[in-house]
Structure formats: structure tokens, C-alpha cells
Amino acid sequence: MTNAVIDTILSRSSAKYYDTTATLTDDQIRELVQIGTSAPTSFHLQNWRFIAVRTAEAKARLRPIAWNQPAITDAAVTFIVIGQLVDTSVIPNRLAPLVASGVMPESMVPEWEIPARDLYMPYPERRRDEAIRTATFGAAAIIYAARSLGMGSTPMIGFDFDAVAGEFGLADDEIPVMLLSVGPERPGNWKQKPRRPLEEVLDLV
């Protein structure tokens, strides 16, 4: 099996070295996030948010609370990828464009909202798990989109979660799931590292 999408996935590796002179336009950043938000979310909740740290001033605020990792200042942009705790009361609003465009009948909206409420709202850990899952799907889409455009990316969880939340004004129901640096690379980055053999990770039943 081979095609452009598979080649993009199989050639991706976390970047260490970025072209520090490169920048991305705001429109390029918006395009990456637009692609990221095409990723799947449970019940169409879309419970994510992205902060694009792209200016020297903002990078200087982020780097000291992100273990001083060079990618924060070297890459063109670092996204703070945020997951929002599930709140099923937003579902009618999130589904409204589908109803308006004729994708789903309005009568189906409660059929999504009610089971989602039962699934998540009594269970704080599920609300948090879904926030992390949603944000991770979005970040993965950005990672592969960046690779397809010839750019590198570096997902990072090495940062002070409370400090990042405070410095960048996250709400009480928002979790900074990861930092994701993106930008044109410079030479020296590794190729994709070998993975564990399939017989260790796959069961065919």
C-alpha cells in the first residue's frame, strides 16, 4: 500500500532542528488549524482550542515555562493545543449547522444530546478523557498536514501545565494537552525511528 497520504505518515519524525529565520503567515496558521479541526470528535462536540504562539514576545513568555525547549523559539509557531472538558449542553449549537445544511434532521439532535449527557456529565474523568482525546486528534491532523506541506513538527508535554494555563489565559474547563511546534526544518533531523514489530502490538482475532 502506498500513496501520498501514507508516504506522509511514514516519513514523519519529530523535528529537533528548525529554520529559525522562517515564518508562517497568519493565513498559513489558520489553514493548519482548519485542517486540525476536521479531525473526529465525539458527538460533534469539537471541544478544542488552539493558541498559536508565533511572535517573539509570546515565544519568550512560553519558553521558560516549557522546560526551555529550543523548539519553542526556533520553530515558526508553537500551538498550545487545548482540550475543553465535555459540556453536552453545547451539542444543539454544534449540530445547528448540520441541521441548517440538511445533513441531519432537527429531530435527531436530542438523540445525540441525551445519550452524550448520560455518557459524560455524571463522570468527571470521562469529561477529561474526552478533552484529551479530542485535542490529540486535532494535533495529529496538524502534524500530518505540516508534513505534507514540507514542514516539521514537535509535539511536547514537557511544560508547566498550571503556568501555561495562567500565562495564556485558559479557562477553568480547559486543559493544555500538549505543545506542538511547527515550521520549516533545517538539515540534521532524524528519519522516522523504527517501531516495535507488529507481532508485539497486533492481535488478529
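One structure accompanies this document, and this report is about it. (Residues numbered from 1 in each chain as written. Predicted model: local features only at pLDDT ≥ 70, side-chain atom pairs only at ≥ 80, totals over all residues. Heavy atoms only, no water.)

Some remarks on the overall build of the chain
Argument step 1. Secondary structure summary: the chain contains 9 helices and 4 strands in total.
Argument step 2. If you line up the chain on its principal axes, its C-alpha atoms span 55 × 45 × 35 Å.
Argument step 3. Here the chain, with 205 residues, has 39% of them falling under the buried criterion.
Argument step 4. The long-range fraction of contacts in the chain, counting pairs at least 24 apart against all pairs at least 6 apart in sequence, stands at 80%.
Argument step 5. Of the roughly 11800 Å² of accessible surface on the chain, 56% is carried by carbon and sulfur atoms.
Argument step 6. Within the chain, the 25 negative side-chain charges are centred at a point lying 7 Å from the centre of the 20 positive side-chain charges. (Helix = DSSP H or I, 4+ residues; strand = E, 2+ residues; numbered from the N terminus. Buried < 20%, exposed > 50% of the residue type's maximum accessible area, 1.4 Å probe, protein only. Contact = heavy atoms within 4.5 Å. Areas by Shrake-Rupley, 256 points an atom, 1.4 Å probe, with all protein chains shown as cover. Lys, Arg positive; Asp, Glu negative; His and termini not counted. Charge placed at Lys NZ, Arg CZ, Asp CG, Glu CD.)

What about the nonpolar core?
Argument step 1. Formed by 25 residues in total, the largest nonpolar core has its most connected members in Leu24, Leu32, Phe79, Val81, Leu180 and Val182.
Argument step 2. For phenylalanine 79, the contacting residues outside a window of four places in its chain are Ile29, Leu32, Val33, Phe50, Ile51, Ala52, Ile142, Met178, Leu179, Leu180 and Val182.
Argument step 3. With 20 residues, the next largest nonpolar core counts Ala58, Ile65, Ile72 and Ala165 among its residues. (Core = buried A, V, L, I, M, F, W, Y, C linked by side-chain atoms within 4.5 Å.)

Here we look at the sheet that holds strand β4 (residues 174–183)
Argument step 1. Spatially, β1-β2-β4-β3 is the arrangement adopted by the 4 strands of the open sheet, whose pairing is antiparallel. Whereas interior strands pair on both sides, the edge strands pair on one side only; in this sheet they are β1 (48–53) and β3 (152–156). Recorded for the sheet is a direction-independent mean angle of 25° between the axes of neighbouring strands.
Argument step 2. As judged from the 6 bridges shared by β1 and strand β2 (residues 77–84), these two strands associate in the antiparallel manner. Looking at β2, one finds that tryptophan 48 is bridged to glycine 83.
Argument step 3. Contacts from helix α2 (residues 26–36) reach β1, β2 and β4, with the element oriented near 30° to β2. (Pairing = 2+ DSSP bridges. Axes fitted to C-alpha atoms, helices over the stretch in contact; angles between N-to-C directions.)

Notes on the pattern of salt bridges
Argument step 1. According to the stated counting rule, one finds 8 salt bridges in the structure shown.
Argument step 2. Residue glutamate 174 pairs with arginine 49 through a salt bridge whose shortest N-O separation is 2.8 Å. Of this pair, glutamate 174 sits in strand β4 while arginine 49 sits in strand β1; the two residues are 125 residues apart in sequence, bridging distant segments of the chain.
Argument step 3. For glutamate 174, a relative accessible area of 10% gives the class buried.
Argument step 4. You can call arginine 49 partly exposed: its relative accessible area is 29%.
Argument step 5. Linking glutamate 57 and arginine 61 is a salt bridge whose minimum nitrogen-to-oxygen distance equals 3.6 Å. With a gap of 4 residues between them, glutamate 57 and arginine 61 both fall in helix α3 (residues 56–62), about one helical turn apart. (Salt bridge = Lys/Arg side-chain N within 4 Å of Asp/Glu carboxyl O.)

Points about the pairing of β4
Regular strands show a simple pattern: their side chains alternate between the two faces of the sheet.
Argument step 1. Of all the 10 residues making up β4, 10 are buried; the element is thus mostly covered by neighbouring parts of the structure.
Argument step 2. Examined bridge by bridge, β2 and β4 share 8 bridges and lie antiparallel to one another. When the sheet's bridge partners are listed, valine 81 is paired in β4 with methionine 178.
Argument step 3. Across 5 bridges, the pairing between β3 and β4 is antiparallel. Each residue of the ladder has a partner; that of methionine 156, found in β4, is leucine 179.

Some words on the packing of helix α5 (residues 91–100) against helix α6 (residues 109–120)
The geometry of a pair of packed helices is captured by two quantities: the angle between their axes and the separation between those axes.
Argument step 1. Between α5 and α6, the least distance of the axes is 10 Å, while the angle of their chain directions is 155°. By the angle between their axes, α5 is roughly antiparallel relative to α6. Considering the relative orientation of α5 and α6, their crossing is right-handed. On α6, the residues that touch Ile91, Pro92, Leu95 and Val99 of α5 are Val109, Trp112, Glu113 and Ala116.
Argument step 2. Its residues assigned to classes, the contact of α5 with α6 comprises 7 nonpolar, no polar and 1 charged. (Parallel < 35°, antiparallel > 145°, perpendicular 65-115°, else oblique. Left-handed = near helix turned anticlockwise from the far one by under 90°. Nonpolar A, V, L, I, M, F, W, Y, C, P; charged D, E, K, R; others polar.)

Section: unusual backbone geometry
Argument step 1. Positive phi values are uncommon outside glycine, yet phenylalanine 43 reaches one of about 55°.
Argument step 2. Mapped onto the elements of the fold, phenylalanine 43 is located in the loop between α2 and β1.
Argument step 3. Judged by relative accessible area, which is 22%, phenylalanine 43 ranks as partly exposed.
Argument step 4. A positive phi angle is found at histidine 44, which is not glycine, with a value near 60°.
Argument step 5. Relative to the assigned elements, histidine 44 resides in the loop between α2 and β1.

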